[in-house]
Amino acid sequence: MKKGLKKLWILLSLAFLFFFALSIFDIPEIYGYQPKSSEMADILFKHHEEEDENEDEIDDYADAVVTSSYSMFPVPVDTTAQTILFIGDSMLDGLSPRLAAYSNQSGFHQYSVIWYSSTSEKWSRSKRLKSYIDKIKPTFIFICLGSNELMVKDIITRRQQFVSDIVDQIGDIPFLWIGPPNWRKDTGINQLIKNNVPQGCYFKSDGMKFERRKDGAHPTAASASLWMDSIIRWMPDHSAHPIRFKKPEKKTGRADHIYIHAPSEN
């Protein structure tokens, strides 16, 4: 390269670096002229600083975002009158009165079926759910089952057919399956339920904080009421079939009828 051309390239390079610096950083006024920054410095440097600062926060909320965000939701809220069937195990002792308060305030009919110590296997083999569906003809079904199956070994294969059958008994009736309020790590019951119900028909209770009764398992009446409140608040944005409940004036209510089944029943 000729000497003159080499000098020209050096001058052009220096000029480019000079104006590039002007475009990035805030430069003091020069002979009455104030160069305007392109804010490239903010883009190049501050962005990475903000990512570092927010990294822990993003990690904390990652699981919640994954489990609660669905492309199909929210869907329109059903504002029509409802006939609600609420079935499950002893967890209904705390949940049913609070749901009844919502139902009473909203002008809905509610029928609760509490089968103590029941499991998905018992409900499936007995066909009791189908019997109550034929009798009550509900427009919406709440289920709370799984607490008595937290520690079943190889549960995915042993209980798969029963959970699937319960969903088959429901048919095309809108429903929500409320997962058990884990007091210890389960062997897979929550994942089994989630895998067998349509998207937006499962509420994960595991991970919530509860005040427990002396047995260490059942939430206290007050804590169960808060649990039900959380479910109702969750429904409009995340349920596949949200229904409109009016906020109750009373803490508890009475279902139209409560059916009780003993642990020994088949």
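As shown above, the structure is provided for reference.
Here is a short report on the structure shown in this document. (Residues numbered from 1 in each chain as written. Predicted model: local features only at pLDDT ≥ 70, side-chain atom pairs only at ≥ 80, totals over all residues. Heavy atoms only, no water.)

1. Focus: the sheet that holds strand 4 (residues 175-178)
At step 1: Ordered in space as 5-4-3-1-2-6, the six strands form an open sheet in which the pairing is parallel. A strand with exactly one partner marks an edge of an open sheet, and here the two such strands are strand 5 (202-203) and strand 6 (257-261).
At step 2: Relative to strand 2 (residues 109-115), strand 1 (residues 83-88) runs parallel, the two sharing six bridges. Paired with Ile-84 across the strands is Gln-110, a residue of strand 2. (Pairing = 2+ DSSP bridges. Helix = DSSP H or I, 4+ residues; strand = E, 2+ residues; numbered from the N terminus.)

2. Looking at the environment of Asp-229
At step 1: Looking at where Asp-229 falls in the secondary structure, it is placed in helix 9 (residues 221-238).
At step 2: Residue Asp-229 is classed as buried on the basis of its relative accessible area of 11%.
At step 3: Once the C-alpha coordinates of Asp-229 and Arg-98 are considered, the two residues, 131 residues apart in sequence, prove to be 8.0 Å apart.
At step 4: When sequence neighbours within four positions are dropped, the list of residues in contact with Asp-229 reads Arg-98 and Tyr-102. (Buried < 20%, exposed > 50% of the residue type's maximum accessible area, 1.4 Å probe, protein only. Contact = heavy atoms within 4.5 Å.)

3. Quick look at unusual backbone geometry
At step 1: Its identity is not glycine, yet Lys-127 carries a phi of approximately 60 degrees, on the positive side.
At step 2: Within the secondary structure layout, Lys-127 lies in the loop between helix 4 (120-126) and helix 5 (128-136).
At step 3: By relative accessible area, Lys-127 is classed as partly exposed at 40%.
At step 4: In this structure, Lys-137 is a non-glycine residue whose phi angle is positive, near 55 degrees.
At step 5: Looking at where Lys-137 falls in the secondary structure, it is placed in the loop between helix 5 and strand 3 (140-144).
At step 6: For Lys-137, a relative accessible area of 60% puts it in the exposed group.

4. A short note on the nonpolar core
At step 1: Counting 30 residues, the largest nonpolar core has Leu-85, Ile-143, Phe-175 and Trp-177 as the members making the most contacts within it.
At step 2: If near-sequence neighbours (up to four positions away) are discounted, Ile-143 is found in contact with Phe-86, Ile-87, Ile-166, Ile-170, Phe-175, Leu-176, Trp-177 and Ile-178.
At step 3: Judged by nonpolar contacts, the second largest core, of 24 residues, contains Leu-92, Leu-95, Phe-142 and Ile-232. (Core = buried A, V, L, I, M, F, W, Y, C linked by side-chain atoms within 4.5 Å.)

5. Some thoughts on the packing of aromatic side chains
Each aromatic ring pair is characterised by the separation of its centres together with the angle its planes make.
At step 1: Tallied over the full model, the rule gives nine aromatic pairs.
At step 2: Among the aromatic residues, ring-to-ring pairing joins Phe-86, Tyr-102, Phe-108, Phe-140, Phe-142 and Phe-245 into one connected group. (Phe/Tyr/Trp six-rings, centres within 6.5 Å; stacked < 30°, edge-to-face > 60°.)

6. A short note on helix 7 (residues 160-170)
At step 1: For helix 7, the complete set of buried residues consists of Phe-162, Val-163, Asp-165, Ile-166, Val-167, Gln-169 and Ile-170.
At step 2: Of the surrounding elements, those touching the buried residues of helix 7 are helix 4, helix 5, strand 3, helix 6 (155-158), strand 4 and helix 8 (189-196).
At step 3: With its phi angle positive at about 70 degrees, Gly-171 sits one or two positions after the end of helix 7.

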